[in-house]
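# Breakdown of the fold
Listed here are the chains, written in short residue letters.
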Amino acid sequence: AFVSHSWHDQASDKFEALRMWCEEFEKTNERKPKLWFDKACINQSAVQDDLPMLPIYLAGCQKLLIIAGPTYLERLWCVVE
């Protein structure tokens, strides 16, 4: 699952939402989910180099998990994803 969230929202709230989603996924699919996180998969010191690949990363995921906190819709990057 491609995980989309705003870095400006409360980390503990996002973690709890992610934890609950993962538990439900595991119950339904009888396996743990595979997650795509931008910070782990895109070189954060050279984002512009990996940014053109974002549509390919997103297309390669079977699910899009949106963890929409208070600032999610205010962040253009989140809306683009």
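Okay, so let's go over this structure. All values reported here derive from a predicted model rather than from experimental measurement. (Residues numbered from 1 in each chain as written. Predicted model: local features only at pLDDT ≥ 70, side-chain atom pairs only at ≥ 80, totals over all residues. Heavy atoms only, no water.)

### Re the packing of aromatic side chains
As enumerated under the stated definition, the model contains three aromatic pairs in all. Between phenylalanine 2 and tryptophan 36 the ring centres are 4.5 Å apart and the planes differ by 10°, which places this aromatic pair in the stacked class. Residue phenylalanine 2 is located in strand β1 (residues 2–5), and its partner tryptophan 36 is located in the loop between α1 (11–29) and α2 (38–41); the two are separated by 34 residues in the primary sequence. Ring geometry for tryptophan 36 and tyrosine 57: centres 5.2 Å apart, planes at 35°, overall tilted. (Phe/Tyr/Trp six-rings, centres within 6.5 Å; stacked < 30°, edge-to-face > 60°. Helix = DSSP H or I, 4+ residues; strand = E, 2+ residues; numbered from the N terminus.)

### Details of the pattern of salt bridges
By the definition in use, this model includes three salt bridges. We note a salt bridge from glutamate 16 to arginine 19, for which the minimum N-O separation is 2.4 Å. Of this pair, glutamate 16 and arginine 19 both sit in helix α1, three residues apart, which is roughly one turn of that helix. Relative accessible area serves as the criterion here: at 31%, arginine 19 is assigned to the partly exposed category. Between arginine 19 and glutamate 23 there is a salt bridge, with the nearest N and O atoms lying 2.4 Å from each other. Here arginine 19 and its partner glutamate 23 are both found in helix α1, four residues apart, which amounts to about one turn of the helix. Connected via shared salt-bridge partners are Glu16, Arg19 and Glu23. (Salt bridge = Lys/Arg side-chain N within 4 Å of Asp/Glu carboxyl O. Buried < 20%, exposed > 50% of the residue type's maximum accessible area, 1.4 Å probe, protein only.)

### Quick notes on the environment of lysine 34
Structurally, lysine 34 is set in the loop between α1 and α2. Owing to a relative accessible area of 67%, lysine 34 belongs among the exposed residues under this scheme. Distance in space between the C-alpha atoms of lysine 34 and cysteine 61 is 9.1 Å, their sequence separation being 27 residues.

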